[in-house]
Amino acid sequence: MLNLSSLKKLQEARAKLHTSQKIAVLTGAGISQESGIPTFRGQGGLWREYRAEDLATPEAYARDPLLVWEWYQMRFHTVLRAEPNSAHYALAELEKTKDLILVSQNVDGLHKRAGSSRILELHGNITLSRCERCLHLDELKENFSLPPFCSRCHARARPNVVWFGEALPQAIFGQAVEAFHNAELALVIGTSAVVEPAASLALLAKEQGAYLIEINPEPTPLSPLVNFSLMTTASQGMQLLLGK
Ligand SMILES: [Zn+2]
């Protein structure tokens, strides 16, 4: 529960949220955990059960494309069965009254399904395949066959995600940097802020004078640097912050 000094800080954070127009948000796996999407490194995380180098690198795909696709197909089906949770919906709602840009490390597409429209997906989206020849994106159907082929040029398509060892999509990352650079208030939700560029985006906002809020159940390397840290789940944190 909140003690008196953190209650005062919460009131300050709510007031800042109320008066700020330009808002940049960064979300990570923690926000989708409550929707039943496994995280990567935490308890029950995917990298406890699977080896990233076998499944999520360009080398793994070159070696065994069907194995990699089977793993993404399994995760795609998990996402299809999942529903956005109240934290996703709260962010979509906030976008209606603020100049809000949502930057996500998640590949599950749940922000879009919750109604957010200004989304920058840093790591791609597993509901799409990307042509290896012409880069065309196709929406995956529930029972897609492996491997999928491009609807435009019929070449083989790969999962539309950023693998370990690959660069982030430059144009999207550039827009994320701009959003955090210009933000009056920045909100970091459900990410350990260890994996770059999470930390650098938040710190950029802070350097420019933004008010920085973190929502995460455990302390992160970012926690000592933020204006206000809500150590709770994404849904509870958003509820507290919005005062609902
Ligand atoms: Zn193509």
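Reference entry: report on the structure contained in this document. Quick caveat: nothing in here was measured; it's all calculated off a predicted structure.

Cut-offs and rules
- Residues numbered from 1 in each chain as written.
- Predicted model: local features only at pLDDT ≥ 70, side-chain atom pairs only at ≥ 80, totals over all residues.
- Heavy atoms only, no water.
- Helix = DSSP H or I, 4+ residues; strand = E, 2+ residues; numbered from the N terminus.
- Rg over C-alpha atoms; globule rule 2.2 N^0.38 Å.
- Buried < 20%, exposed > 50% of the residue type's maximum accessible area, 1.4 Å probe, protein only.
- Contact = heavy atoms within 4.5 Å.
- Areas by Shrake-Rupley, 256 points an atom, 1.4 Å probe, with all protein chains shown as cover.
- Lys, Arg positive; Asp, Glu negative; His and termini not counted.
- Charge placed at Lys NZ, Arg CZ, Asp CG, Glu CD.
- Phe/Tyr/Trp six-rings, centres within 6.5 Å; stacked < 30°, edge-to-face > 60°.
- Lys NZ or Arg CZ within 6 Å of the ring centre and 35° of its normal.
- Donors = N, O, S within 2.8 Å, 3.2 Å for Na, K, Ca; no water.
- Tetrahedral: all angles 85-135°; square planar, octahedral: opposite > 155°, others 65-115°.
- Axes fitted to C-alpha atoms, helices over the stretch in contact; angles between N-to-C directions.
- Nonpolar A, V, L, I, M, F, W, Y, C, P; charged D, E, K, R; others polar.
- Polar contact = N/O pair within 3.5 Å; in protein donor to acceptor, adjacent residues only side chain to side chain.
- Core = buried A, V, L, I, M, F, W, Y, C linked by side-chain atoms within 4.5 Å.

**Digging into the overall build of the protein**
Turning to step 1, where the next piece is worked out: Helix and strand counts for the protein come out as eleven helices and nine strands.
Turning to step 2, where the next piece is worked out: Rg of the C-alpha trace for the protein: 18 Å, near the compact-globule value of 18 Å for 244 residues, within the 12% margin.
Turning to step 3, where the next piece is worked out: Overall, the protein is about 60 × 35 × 30 Å in size when its C-alpha atoms are taken along their principal axes.
Turning to step 4, where the next piece is worked out: Here the protein, with 244 residues, has 50% of them falling under the buried criterion.
Turning to step 5, where the next piece is worked out: In the protein, once contacts between residues fewer than 6 apart in sequence are set aside, the share between residues at least 24 apart is 64%.
Turning to step 6, where the next piece is worked out: As displayed, the protein has an accessible area near 12200 Å², and 53% of this comes from carbon and sulfur atoms.
Turning to step 7, where the next piece is worked out: Charge separation in the protein, taken as the distance between the mean sites of 24 positive and 25 negative side-chain charges, equals 4 Å.

**So, the packing of aromatic side chains**
Turning to step 1, where the next piece is worked out: Tallied over the full model, the rule gives five aromatic pairs.
Turning to step 2, where the next piece is worked out: Relative to Trp-163, the ring of Tyr-72 has its centre 6.4 Å away and its plane inclined at 55°; by these criteria the two rings are tilted. Taken together, the residues span a long stretch of sequence, with Tyr-72 in helix α6 (residues 65–81) and Trp-163 in the loop between β6 (157–161) and α9 (170–182) at a distance of 91 residues. Comparing Tyr-72 with Trp-163, the two get one shared label, buried.
Turning to step 3, where the next piece is worked out: By the ring-pair criterion, three or more aromatic residues cluster together here, those being Tyr-61, Trp-71, Tyr-72 and Trp-163.
Turning to step 4, where the next piece is worked out: Above the plane of the ring of Trp-163 lies Arg-158, whose end atom (NZ or CZ) is 3.8 Å from the centre.

**Section: the side chain of Ser-116**
Turning to step 1, where the next piece is worked out: Assignment of secondary structure puts Ser-116 in the loop between α8 (110–114) and β3 (119–121).
Turning to step 2, where the next piece is worked out: In this structure Ser-116 comes out as buried when scored by relative accessible area, which is 4%.

**Quick look at the coordination of the zinc ion**
Turning to step 1, where the next piece is worked out: For the zinc ion, every protein donor is listed as Cys-131 (SG), Cys-134 (SG), Cys-150 (SG) and Cys-153 (SG), and the spread of their distances is 2.3 to 2.4 Å.
Turning to step 2, where the next piece is worked out: Classification of the site at the zinc ion as tetrahedral follows from its four donor atoms and the range of 97 to 118° in their angles at the metal.
Turning to step 3, where the next piece is worked out: As a motif over one chain, the donors of the zinc ion read C-x2-C-x15-C-x2-C.

**A short note on the packing of α9 against helix α10 (residues 198–207)**
Turning to step 1, where the next piece is worked out: Packing of α9 against α10 brings their axes to within 8 Å, and their N-to-C directions diverge by 35°. Counted together, Phe-173, Ala-176, Val-177, Phe-180 and His-181 of α9 and Leu-201, Ala-202, Leu-204 and Ala-205 of α10 form the full contact between these two elements.
Turning to step 2, where the next piece is worked out: Partitioned by chemical class, the residues of the contact of α9 with α10 number eight nonpolar, one polar and no charged.

**Some words on the side chain of His-136**
Turning to step 1, where the next piece is worked out: Within the secondary structure, His-136 is located in the loop between β4 (124–131) and β5 (137–139).
Turning to step 2, where the next piece is worked out: A distance of 3.4 Å separates the side chain of His-136 from the side chain of Asp-138, its partner in a polar contact.
Turning to step 3, where the next piece is worked out: Of note is the side chain of His-136, whose polar atom sits 3.4 Å from the side chain of Ser-151.
Turning to step 4, where the next piece is worked out: Leave out the neighbours within four places in its chain, and His-136 touches Ser-129, Arg-130, Cys-131, Cys-150, Ser-151 and Arg-152.

**Concerning the nonpolar core**
Turning to step 1, where the next piece is worked out: Grouped together as the largest cluster of nonpolar side chains are 23 residues, with contacts concentrated most on Val-25, Leu-91, Leu-187, Ile-189, Ile-213, Met-238 and Leu-241.
Turning to step 2, where the next piece is worked out: Every element with two or more residues in this core is listed here: α1 (4–19), β1 (22–27), α7 (86–95), β2 (99–104), β7 (185–189), β8 (211–215), β9 (228–230) and α11 (234–242).
Turning to step 3, where the next piece is worked out: In terms of residue count, the dominant contributor to this core is α7 (four residues).

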